[in-house]
Structure formats: structure tokens, C-alpha cells
Amino acid sequence: MMKHILKTALFLITITMSLSIQSQTDFEQNGISVGVIVSDLEASKIFYTKIVGMIEVPGFSVTDDIGKRTGLTGGLPFDVTVLKLEDTPTASQWKLMSFKKEATHPKQKYIQDDTGMQYITIFPKDMAGAIARIKKNNIPTLGETPIQLPNGKTFVLIQDPDGTFIELIGDL
């Protein structure tokens, strides 16, 4: 009787795990690639690599024909600079592109000032190093940050050159 109960329990656990694994494999990649149109590609690249700490990996170009056929542009070619938090195949991509024009909306002061993607959250292992880079490069922190969150982590809020909010959360 006990063997039968154990076999049944093991069978149910196996089915549950396989269903869970199946639901987690609906995507070919487990990261999200985000395309960000910036006004000044070089300034943004410096911000994300030298201050935030991302690394540049090989990017790519999109031809005028592909830009038009995919519906991304009305036929404009563009280059994509790809940044990651680590150089692994599954790491999320922060893809920077510039069409050399200023934003048509005002720079936000708070996340509620506009719709759409307003901020990203990054979890540095070396929060003290991240704060030091921010101070060294005279990047203003927003609110009263850095502050300690209820969970003991340190929170810093900054903005990139085009106004996207960047939350940095980690142990100090």
C-alpha cells in the first residue's frame, strides 16, 4: 500500500514538473531585447558602459530595404549598438539606435509623466562601485537616492541622456 502511494506521488510530481517545464519553454530565448532610440548614440553608449557598467557586444545593421519591409522604418537604414550586462548568449540586450534627432516629447521628471516604457531596473553586484561611477561622472541622482529599501538593499535612481529612468538596486 505504501509503495503504491509513493509511486502515485512520484508520478504526480513528475507530471507537475513536466507541465511546469513546458509552460516555461514557450520562448526560444529567456531574455528580452529592448530597442532604444537615442538622440546621441555616443553619449548614450558612454553612459551605459562607463556609468551603468554594461558591455558592448557585436551589433548589426539594418538595410533600407529590410527597415521598410519589416515596418521598422519607412525605408531608412540604421545601425544597432548592442549592450548587455554580461556577454552570454541568453543575456538581455539593450539595443541603442540613433536617427540623429531630438525627442519629440519633453524629458520626464517622474515616471508618471509619460506613457510607454519609462524605466529599467539593474541589479549590480558592486553597488558601491556603481555609486562611485555615478558621482565621478557627475550624474545627478533623483529623489533622495541613494536610499536603503525595507529589504536592506540600496536603491539609486538616475536618468540616461534622453531621460529614461535607471533604477540600480543592490547590496552596499
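Before any of the text, the structure's been laid out above.
Quick summary incoming for the structure in this document. Not measured: the values here are computed from a predicted model.

## Topic: the sheet that holds strand β7 (residues 154-159)
Step number 1: The strand order β5-β8-β7-β6 describes an open sheet built from four strands, whose pairing is mixed. Every interior strand has two partners, whereas the edge strands, β5 (119-122) and β6 (147-148), have only one.
Step number 2: As paired elements, β6 and β7 share two bridges and run antiparallel to each other. Along β7, the bridge assignment pairs Ile147 with Phe155.
Step number 3: The strands that helix α4 (residues 127-136) touches are β7 and β8 (165-170); relative to β7, the one it contacts most, it runs at about 30°.

## Focus on the nonpolar core
Step number 1: The biggest cluster of nonpolar side chains holds 21 residues, and the ones touching the most others in it are Phe47, Tyr48, Met54, Trp94, Ile158, Ile166 and Leu168.
Step number 2: Counting six residues, the second-largest nonpolar core is a separate cluster that includes Val62, Phe78, Val80 and Met97.

## Quick notes on the sheet that holds strand β4 (residues 93-98)
Step number 1: In space, the four strands of this open sheet follow the order β1-β4-β3-β2, with mixed pairing throughout. The open sheet terminates on both sides in strands that have one partner only, identified here as β1 (33-38) and β2 (55-62). The mean inter-strand angle of the sheet, taken between neighbouring strand axes irrespective of direction, is 25°.
Step number 2: One ladder, built from six bridges, connects β2 with strand β3 (residues 78-84); its direction is antiparallel. Residue pairing for β3: Ser61 is matched across the bridge by Asp79.
Step number 3: Relative to the sheet, helix α2 (residues 41-52) contacts β1, β2, β3 and β4, its axis offset from that of β4 by approximately 160°.

## Focus: the environment of Thr164
Step number 1: Residue placement: Thr164 occurs in the loop between β7 and β8.
Step number 2: Taking the relative accessible area as the measure of exposure, Thr164 reaches 14% and is therefore buried.
Step number 3: In this structure the C-alpha to C-alpha distance between Thr164 and Ile120, which are 44 residues apart in sequence, comes to 7.9 Å.
Step number 4: Not counting residues up to four positions away in its chain, the partners in contact with Thr164 are Tyr48, Met117, Gln118, Tyr119, Ile158 and Gln159.

## Let's talk about the pairing of β8
Step number 1: Burial within β8 is extensive, with six of its six residues counted as buried.
Step number 2: On β8, burial covers both faces: Phe165, Glu167 and Ile169 on one face and Ile166, Leu168 and Gly170 on the other are all buried.
Step number 3: The pairing of β5 with β8 spans four bridges and is classified as parallel. Along β8, the bridge assignment pairs Thr121 with Glu167.
Step number 4: Across six bridges, the pairing between β7 and β8 is antiparallel. Within β8, the position partnered with Ile158 by the bridge is Ile166.
Step number 5: Once β7 ends, the chain turns through five residues before running back antiparallel as β8, passing Gly163 with a positive phi of about 100°.

## Description of unusual backbone geometry
Step number 1: Residues Thr145 and Pro146 are joined by a peptide bond in cis, for which omega reads 5°.
Step number 2: Position of Pro146 among the secondary structure elements: in the loop between α4 and β6.
Step number 3: In this structure, Lys100 is a non-glycine residue whose phi angle is positive, near 55°.
Step number 4: Since its relative accessible area comes to 73%, Lys100 is described here as exposed.
Step number 5: At Asn138, a residue that is not glycine, the phi angle is positive and equals roughly 55°.
Step number 6: Residue position: Asn138 is located in the loop between α4 and β6.
Step number 7: On the basis of relative accessible area, Asn138 is assigned to the exposed category, the value being 67%.

Scoring rules and cut-offs
- Starting from 1, residues in each chain are numbered consecutively following that chain's sequence as written.
- The model is predicted, so local features are restricted to residues of pLDDT at least 70 and side-chain atom pairs to those at 80 or more, both for listing and for counting; the totals for chains, interfaces and linings are taken over all residues.
- Hydrogens and water molecules were not included; the side-chain quantities draw on all heavy atoms of the structure.
- The pairing criterion for strands is at least two bridges between them, as found by DSSP.
- We count a stretch as a helix when DSSP gives it H or I for four or more residues in a row; a strand needs E for two or more, and each element gets its number in order from the N terminus.
- Working rule for contacts: check all heavy atoms of both residues, and any pair within 4.5 Å makes them a contact.
- All axes here are fitted lines through C-alpha atoms, helices being fitted over the stretch that makes contact, and every angle between N-to-C directions spans 0 to 180 degrees.
- Here the nonpolar core consists of buried residues drawn from Ala, Val, Leu, Ile, Met, Phe, Trp, Tyr and Cys, with membership extended through side-chain atoms lying within 4.5 Å.
- The buried label goes to any residue with under 20% of its type's maximum accessible area, the exposed label to any with over 50%, and the partly exposed label to all in between, with areas taken from a 1.4 Å probe on protein chains only.

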